[in-house]
Structures are given as structure tokens and as C-alpha cells.
Amino acid sequence: MKSGFSYDVDGEVLVRAKQGDVAAMSQIYRQFSAPVYTLGLRICPGNADAEDVVQDTFIDAFRKLDQYRGDAPFWAWLKRVAINTALMRLRKERRWDSALEEVNSDDLNNHAAVRANDPSNAMDAEKKLSQLPAVTRTVLWLHDVEGYTHREIAGMMGKTESFSKSQLSRGHEKMRVLLQWKTTKTGNTRTQQNC
Amino acid sequence: MENYENGQHPDTAELLSISAGDASAELARHVQGCAACLVALDEMQHTRDTLSHLPLQEPPEHVWSVIESRLDAGQPAVGVFQRHMVRNLSIAASFLIAVLSLLFIPHAPQQGSTEIMSLASESRGLESALAYLVDDSQAMDLDTAGRIASYEDRIAALDVAISEHPEQIEIRKSMMQERVRLLRGLVEARSETMMAALRTY
């Protein structure tokens, strides 16, 4: 797992930041602005949305620094603040309900068919990830990259573990299509094939 | 659920349970001997690797300046609320009382299309009130945001359903009743958020 957050922060810098030292806050910002921005882009694609996630995350984190007790690494605490901020934004933008923005599988297959003839897009996994429905994309990212368990994701999103598992499953199925892998080996439904 | 003896393959969720380490013995046995499932597992791992190795991206330089100025200004987390709504707290409080009074207006029972018209009128009133209630995600906790989003989504889904039953009065009436009930819940939730924000000033 590689999310970019997993770096320790100097304890003295944290103490100074808690006391309102802007230089210390700036140091923390420089250390974590890229992972927070990247997380924002993954959950709420679009530069403006991701910038807002960065702003609101750090404003919120700096104002709540006295609530950070040090019983978990600072980066893990900050990451949760960033995720909550991004999820809040998704909800506010009404991109939350996956049922309302379900991507038609035929559309995905059409995308794949077009892209198969366009090698310049072969490595563009980022764009392909952004084509997934918001909730599916978020669960896929939080589970497979940020390393959260289904229970943790369910808690963050106010859903059940089963919901998280089914979204992860859908995310993998759709990414297989978007990344142009063959879809008929096992597919997303049971198939009758000989092994 | 599990029957891999007749050439059936596990679905994606079952394959993912292997990665999670909670697959059944029968599933694990099948996958070990099945080239297609091994390829599928390999593709899933490749997706994980691809996503995990996407490069970090840096935010534009100006973002820190904005954060710094917001911190300097001591701008509360209810940014939009402050920017767009409250110029005068007494006006806001009076308005809120007027909006809340909408929730307690008694409605006499009516029949058929008359009741639909009455419900439509009540819907419009509640929607007008909503237009003035600030929607500020920063001022609310995640549970409240979720409750509001749930109301909004259910209302949107109902609107679709109502448009699909233009002629069936009874169905339409019960949907309109539900719509008014949801709108009342939404107004109440938004009002609570606004009152909580007012208390912080």
C-alpha cells in the first residue's frame, strides 16, 4: 500500500503548530499537501474540488490540533480529517448515491473498445479511475491504496461492511474493463467455463 | 453458493475474499487449480499495483496562501455560511423562526385532486424556505450531512416516480404526501444546522 501519508512529523513541530506557530503549520502543510491533494483528486476528481479539500482539511486540522492526543501517528489522524472532508464534499455535491450515477456497463465496454485502438491512453489509469461512480471509486481507493478495512470504510461512509465489499467488487470489475483486460474469463457473474 | 465442480467460477467478490484471506477451503482449492481464476486474481493485483503507483500530485502554490489568510482571519469553519448569509443575526434568527413555523401549520384533510393541489402548494412553500436555508457542509457534522443528503436523494427519486404516474391520482397523492414529509424533514435538518451555526457567533 502506498498512499503518501505515512511520514512522521517532528514532535516539536507539532507542539509549535498547536501553539499557533504559522511556520510550523507551513512545515506540516509542505509535508502533507501532496497526499491530501491527491486524495482529494481521487475522491472528488477536479482540480478545484481537490484544492477545496486541501484548504478545508488543513484549516480544520490546524483548528483541531489540540484534539490530537498522539495515540495514533499524526499522518493517520490527518488522513482521516482529509477523508472526512472529501466525503463531506461528495455528499454536499450529491454525488453520494451510487445508484443515481451508476455507469452503464455498455458505456464502459464502449469506452474500452475505443481506447483499445488508442495506445496513448493505455497508461491513463488515473482518468479511468475517475470514470467510476464516486462511491465505487472512493471505496476502491480507500481499501486498495489507503489500506482501510471494510469495517473502517463502512464506518466512515455510514454504510455496512457488505456495502463496502460490494462496491470494491464493482470497482474491480469496472477497472478490469476500463484497463482493457479481458472480461470473459470469469467476469462479474458466474460463467460456465472449463478450467 | 459455492459449487465449483461444474465448471462454475467464483465471482469477483469471492475472488476478492481470497486476497482478504477469508476464502473458504473449497474456493481456495478451486482457484489453485484454475488458470482463468488465477489470471483474474492477477488482474486484480495489477489494478491495485497500478493505483498504488499513481504519482502524488502537488496542489498549486497559491493554496497555502489562501489557507494562511483564512487562518489569519480566524475564519470559522462555517465559511459559506459567513460569506453568503449572515449579515445581521437578528434578521437571520427571525427568518429561521418563520421557516420553522411552516413545519407546524395544520393541514385539514382533503380529497383527491384537491389534496394533490394542496400538497403541491405546501411543497412549493417548503422549497421556498429551503432556498433561503444555507447549505454549508462545513457547518455540519458527517451524520447531519448524511441525513440531509439522504432526504435530498429520496426527494429526487420521488420526483422521478411522481413524473411517471401523472394520471394515477391515488398513487400520486401518496407520493406527494411522502414528498411533503421528506421536505419537512429536510427543512428541519437544515434549520438545525443553521441554528447550530448561529449559536457559534
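Above this text sits the structure in question.
Residues numbered from 1 in each chain as written. Chains lettered and ligands numbered in written order. Predicted model: local features only at pLDDT ≥ 70, side-chain atom pairs only at ≥ 80, totals over all residues. Heavy atoms only, no water.

Colleague: I would appreciate a short explanation of the side chain of Thr 136 of chain A in the present structure.
Modeller: Within the fold, Thr 136 of chain A resides in helix H7 (residues 134-144). Excluding residues that lie within four positions of it along the chain, Thr 136 of chain A makes contacts with Gln 167, Arg 170 and Gly 171 of chain A. (Helix = DSSP H or I, 4+ residues; strand = E, 2+ residues; numbered from the N terminus. Contact = heavy atoms within 4.5 Å.)

Colleague: Can you walk me through the packing of aromatic side chains in this structure?
Modeller: Each pair of aromatic rings is reported with the distance of its centres and the angle of its planes. In the structure shown here, the tally under the stated rule is eight aromatic pairs over all chains. On the basis of an interplanar angle of 40° and a centroid distance of 5.9 Å, the ring pair of Phe 58 of chain A and Phe 62 of chain A is categorised as tilted. You can see Phe 58 of chain A and its partner Phe 62 of chain A sitting in helix H3 (residues 47-63), four residues apart, about one turn around the helix. Residue Phe 58 of chain A is classed as buried on the basis of its relative accessible area of 0%. Judged by relative accessible area, which is 8%, Phe 62 of chain A ranks as buried. Seen from their ring centres, Phe 74 of chain A and Trp 77 of chain A are 5.7 Å apart, and the 40° between their planes marks the pair as tilted. Taken together, the positions of Phe 74 of chain A and Trp 77 of chain A, both in helix H4 (residues 74-92) and three residues apart, correspond to about one turn of that helix. Exposure class is identical for Phe 74 of chain A and Trp 77 of chain A. Each is buried. Here the aromatic cluster, defined as three or more aromatic residues joined through ring pairs, consists of Tyr 29, Phe 58 and Phe 62 of chain A together with Trp 64 of chain B. Sitting above the plane of the Phe 163 of chain A ring, Lys 159 of chain A keeps its charged end 5.0 Å from the centroid. (Phe/Tyr/Trp six-rings, centres within 6.5 Å; stacked < 30°, edge-to-face > 60°. Buried < 20%, exposed > 50% of the residue type's maximum accessible area, 1.4 Å probe, protein only. Lys NZ or Arg CZ within 6 Å of the ring centre and 35° of its normal.)

Colleague: When you look at the pattern of salt bridges in this model, what are you seeing that I'm missing?
Modeller: Two side chains of opposite charge can pair, provided their charged atoms sit close to one another. Residue and element names in this part refer to chain B. Evaluation of the coordinates by the stated rule reveals 14 salt bridges over all chains. A salt bridge links Glu 170 to Lys 173; the shortest N-O distance between them is 3.6 Å. Residue Glu 170 and its partner Lys 173 are located together in helix H9 (residues 169-199), separated by three residues, close to a single helical turn. Take Glu 170: its relative accessible area is 52%, and that puts it in the exposed class. (Salt bridge = Lys/Arg side-chain N within 4 Å of Asp/Glu carboxyl O.)

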